[in-house]
Amino acid sequence: MFSLFAILFYGALGIQFTFPLKAKELKCFGEIIGQNSLVVGSIQANSSEYSLKIHVPQKKFDSILQYAHSLELQKFSFTTNSTQENYQFCIHNLANFGLNVNFNLATGMDAQDFSLVAQKEDLKPIEIHLKKLNGLINSVEQEQKEIEERQATRYSNVSNISYKIIIFSVVTLILMVLTNFVQARKLKSFFKSKKFI
């Protein structure tokens, strides 16, 4: 059962799609990539008049990892840092006509080339497959740790927000009681002055 999950998960690490870009159009795609993960990708278009920008958008500044243009086939690779980030891949059509762009992205075990390892260590195909599965298990464990960390952070945020909501509710209730008390006294004094009571 676990090996079936691992094989399905292994196949889900690669992303490939084709999309049209109108003249002078900019499209960005975001991907949350785990820590210390290898990222390999390529972009191929039917013209060389486009630019590629890979960056990590942040509140104070953009951390640009790579910026390139004027290549029909643009390949890129990098290793993520020690924190999990949302990486953005922006493709800008610089031409006065539409383009068809093929975007390919592989992360983690899917990005590693095991053919060189097989040649160096003289491995059989089943041993290569076992190395891939071992690496996949390690990446699944790493991903599980990252998910647990995100869950703990979200739980902390939810607890903090619920505490603030409780405080706000109590303050609102106290203000409502005080307002009702003041209104009742004002009405009582008003009715006494008019001699209704």
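Residues numbered from 1 in each chain as written. Predicted model: local features only at pLDDT ≥ 70, side-chain atom pairs only at ≥ 80, totals over all residues. Heavy atoms only, no water.

Within an unreviewed UniProt entry, the label attached to the protein reads GOLD domain-containing protein, and the organism entered is Paramecium octaurelia. Listed in UniProt under the heading Sequence similarities (unreviewed entry), the comment for the protein reads: "Belongs to the EMP24/GP25L family." Taken from UniProt, the Subcellular location (unreviewed entry) comment for the protein reads in full: "Membrane". (UniProt positions renumbered as here; feature names shortened; annotations may be inferred.)

Chemist: Go over the overall build of the protein, please, and point to the residues and values.
Modeler: Helix and strand counts for the protein come out as three helices and eight strands. For the protein, the α and β elements follow one another from N to C terminus as α-β-β-β-β-β-β-β-β-α-α. In the protein, which comprises 197 residues, the proportion classed as buried is 24%. Surface accessibility of the protein: about 13900 Å² in total, with carbon and sulfur atoms responsible for 59%. (Helix = DSSP H or I, 4+ residues; strand = E, 2+ residues; numbered from the N terminus. Buried < 20%, exposed > 50% of the residue type's maximum accessible area, 1.4 Å probe, protein only. Areas by Shrake-Rupley, 256 points an atom, 1.4 Å probe, with all protein chains shown as cover.)

Chemist: Please give an account of the confidence of the model for the protein that cites residues and values.
Modeler: The share of residues in the protein with pLDDT of 70 or more is 76%, and the mean pLDDT across the chain is 78. Taken element by element, the predicted model of the protein shows its lowest mean pLDDT in helix α1 (residues 2-11) (39) and its highest in helix α3 (residues 125-193) (90). The model gives residues 1-12 a pLDDT under 50, and that stretch makes 12 contacts with residues more than four places away or in other chains. (pLDDT = per-residue confidence, 0-100. Contact = heavy atoms within 4.5 Å.)

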